[in-house]
Amino acid sequence: EWPPTEGEKSHADHNVYPSAGVLFVHVLEREYFKGEFPPYPKSGDASSDPITFNTNLMGYPDRPGWLRYIQRTQHSDGVLYGSPTAEHVGKPSVIEITAYNRRTFETARRNLVINIMATEEFPLPYQAEFYIKNMNVEEMLASEVLGDFLGAVKNVWQPERLNAINITSALDRGGRVPLPINNLKEGVYVMVGADVAFSSCLREVESPHNQLRCSQEMEPVISCDKKFRAQFHIDWCKISLVDINKVVPVYITRPDPGTGILPEFGEYSPPSESLMGRNYFSDFLITLAVPSAVALVLFFILGYTMCCRREGVEKRNMQTPDIELVHHSSIQKSTKELRNMSKNREISWPLSTLPVFNPVSGEVVPPIHPDNYETTSMPLMQTQTNLQNQITIPQQRPSG
Ligand SMILES: *[C@@H]1O[C@H](CO)[C@@H](O)[C@H](O)[C@H]1NC(C)=O
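Residues numbered from 1 in each chain as written. Predicted model: local features only at pLDDT ≥ 70, side-chain atom pairs only at ≥ 80, totals over all residues.

Caption draft 1: Fine view of the overall build of the protein. Per the secondary structure count, the protein includes 10 helices and 11 strands. Put simply, the protein has 400 residues, and 16% of those count as buried. Residue pairs at least 24 apart in sequence account for 68% of intrachain contacts in the protein once pairs closer than 6 positions are excluded. (Helix = DSSP H or I, 4+ residues; strand = E, 2+ residues; numbered from the N terminus. Buried ≥ 20, exposed ≤ 12 C-beta atoms within 10 Å, placed from the backbone. Contact = placed C-beta atoms within 7 Å.)

Shown next as structure tokens:
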């Protein structure tokens, strides 16, 4: 809400009752609001205070879509205007009007309640839109000017009933801001409705002759133009005549958009504000539990194999033929001996040269462990002798 200031005063709401299908104009008069601002001590002439207005639908930052607002300068009145249609009939719209005194920075507030009335007779079926070149929109909104224009239209059309439906600045239709010379104006479109068919004068622009002149950017020859000419310069080439009973709704089939344009997905539905907690259980199962389960199974298989299925050296030896075992142990022995020899060259009789089997009986000679006797302290010859005594090596003796 506004900070309360001295100049702000509350007022009884002001009610208006426009009809749907008829132009609505409401002037925000500077004179009315000037009284709201207390006389400022050092002021010279309070009547020339610059005043601006802010208008918005109560509780919203802007006006309803159909309602437009214009104030040309801070020293002119503001005007609310627009064309309510049947769909706006219903609940009243409260428009907050805030006036600012730009010299004293005081504000005044007033509410305007717009109650749009539905009527059977509006909109009138024959609608003509004129483009008036020598007017600005706020000049046209003045009731006497609009009245003059409607009077001129009535003169050339002769309807029972006639009313203004809409007023649009040419700037809103792609017009340009005029140069500040020759008192040039922006131009304004005025749509009027009537209950009888268009007069022959209004249709004159449709003649081939005038169409040709329009296409060559020359002014068409219109017999009734002189009824307007004194006050209103009408561009007859831009007149549009619409009989709303004959308007057929046009269903435009959209052209194939081609590639590069996303297909239409219909209305956008934003995600709801209360979001559900996402369930991560299945993700958990897939990423953690399944690998863990596989690892556990492998762990048990391996554990069982390693602990309960061990066979050991004894079983292996039992299954291996003796000859292989002996062969293997002799290789081991020889390797070990050779290693020792390389360390200690005093060993002269390598065990590997000894036969493994008794050549006569064929029995296995138990391996003599080298550590069992002190090879180093034994004389070489004695060792040989001892060994020869132990094992009888078959020899070819010359004696026989
Ligand atoms: C009145 O004119 C304005 C601006 O051209 C347009 O947006 C609006 O639809 C018109 N209203 C009617 C009822 O034709």
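Structure shown, so let's carry the discussion forward.
Caption draft 2: Examining the pairing of strand E5 (residues 78-82) more closely. By the criterion of burial, E5 is predominantly enclosed, with five of the five residues buried. Pairing geometry for strand E2 (residues 24-28) and E5, over five bridges, is antiparallel. Looking at E5, one finds that Val 25 is bridged to Tyr 81. Two elements, strand E4 (residues 67-70) and E5, share four bridges in a ladder whose sense is antiparallel. In the strand pairing of E5, Ile 70 is matched with Val 79. (Pairing = 2+ DSSP bridges.)

Caption draft 3: Focus on the site of the ligand. Close to the ligand lie Ser 83, Thr 85, Asn 166, Thr 168 and Asp 172. Taken together, the residues of the shell around the ligand break down into no nonpolar, four polar and one charged. (Near = placed C-beta within 6 Å. Nonpolar A, V, L, I, M, F, W, Y, C, P; charged D, E, K, R; others polar.)

Caption draft 4: Layout of helix H7 (residues 281-308). Maximum bend of H7: about 35°, positioned at Ala 289, with proline Pro 291 one to four residues after it. Of all the 28 residues making up H7, zero are buried; the element is thus mostly uncovered. (Bend = angle between axes of the 7 residues up to and from the residue.)

Caption draft 5: Quick peek at the UniProt feature "transmembrane region" (unreviewed entry) in the protein. Per the UniProt record, the feature "transmembrane region" (unreviewed entry) sits at residues 284-307. The span residues 284-307 carries 100% helix and 0% strand; its end-to-end C-alpha distance comes to 33 Å. (UniProt positions renumbered as here; feature names shortened; annotations may be inferred.)

Caption draft 6: Structural detail: the nonpolar core. In terms of nonpolar packing, the biggest core is built from 45 residues, with Ala 99, Ile 132, Met 140, Ile 167, Val 188, Val 190 and Ile 234 touching the most fellow members. Residues lining this core come from more than one domain, with at least three contributed by each of domain 1 (14-114) and domain 2 (126-243). Apart from the residues lying within four places of it in its own chain, the contact partners of Ile 167 are Leu 23, Tyr 81, Val 137, Met 140, Leu 141, Val 188 and Val 190. (Core = buried A, V, L, I, M, F, W, Y, C linked by C-beta atoms within 7 Å. Domains from an automatic or database assignment.)

Caption draft 7: Here's a closer look at the confidence of the model for the protein. Averaged over the protein, the pLDDT score is 81; the fraction of residues at 70 or greater is 80%. Counting interchain partners and residues more than four positions distant, the pLDDT-below-50 stretch residues 382-386 has three contacts. (pLDDT = per-residue confidence, 0-100.)

Caption draft 8: Fine view of the sheet that holds strand E8 (residues 126-132). Spatially, four strands are ordered E9-E10-E8-E11 in an open sheet, and the strand pairing comes out antiparallel. Of all strands in the sheet, those bounded by a partner on one side alone are strand E9 (162-169) and strand E11 (240-243). Going across the sheet, the axis of each strand differs from the next one's by a mean of 20°, ignoring polarity. With seven bridges joining them, E9 and strand E10 (residues 188-194) adopt antiparallel strand pairing. By the bridge assignment, Ser 169 is partnered in E10 with Val 188. The strands touched by helix H3 (residues 143-157) are E9 and E10; relative to E9, the strand with the most contacts, the crossing angle is about 125°. (Axes fitted to C-alpha atoms, helices over the stretch in contact; angles between N-to-C directions.)

Caption draft 9: Expanded view of the sheet that holds strand E6 (residues 93-101). Taken together, the four strands give an open sheet; going across it, the order is E1-E7-E6-E3, and neighbouring strands pair in mixed fashion. Two strands close off the open sheet at either side, each with one partner strand: strand E1 (14-16) and strand E3 (51-57). Taken pair by pair, the neighbouring strands of this sheet meet at an average axis angle of 25°, ignoring direction. In the sheet, E1 pairs with strand E7 (residues 106-114) via three bridges, with the strands oriented parallel. Paired with His 14 across the two strands is Leu 112, which belongs to E7.

Caption draft 10: A look at unusual backbone geometry. Positive phi, close to 55°, is recorded for Asn 182, a residue that is not glycine. Locating Asn 182 in the fold gives a position in the loop between E9 and E10.

Caption draft 11: Quick look at the environment of Ile 234. With respect to the element layout, Ile 234 can be found in the loop between helix H6 (226-229) and E11. The exposure class assigned to Ile 234 is buried, which follows from the 22 C-beta atoms found within 10 Å. A sequence separation of 100 residues divides Ile 234 from Asn 134, and the C-alpha atoms of the two residues are 8.2 Å apart. Sequence-distant contacts of Ile 234, that is, excluding residues within four places in its chain, are made with Phe 130, Tyr 131, Ile 132, Asp 225 and Phe 228.

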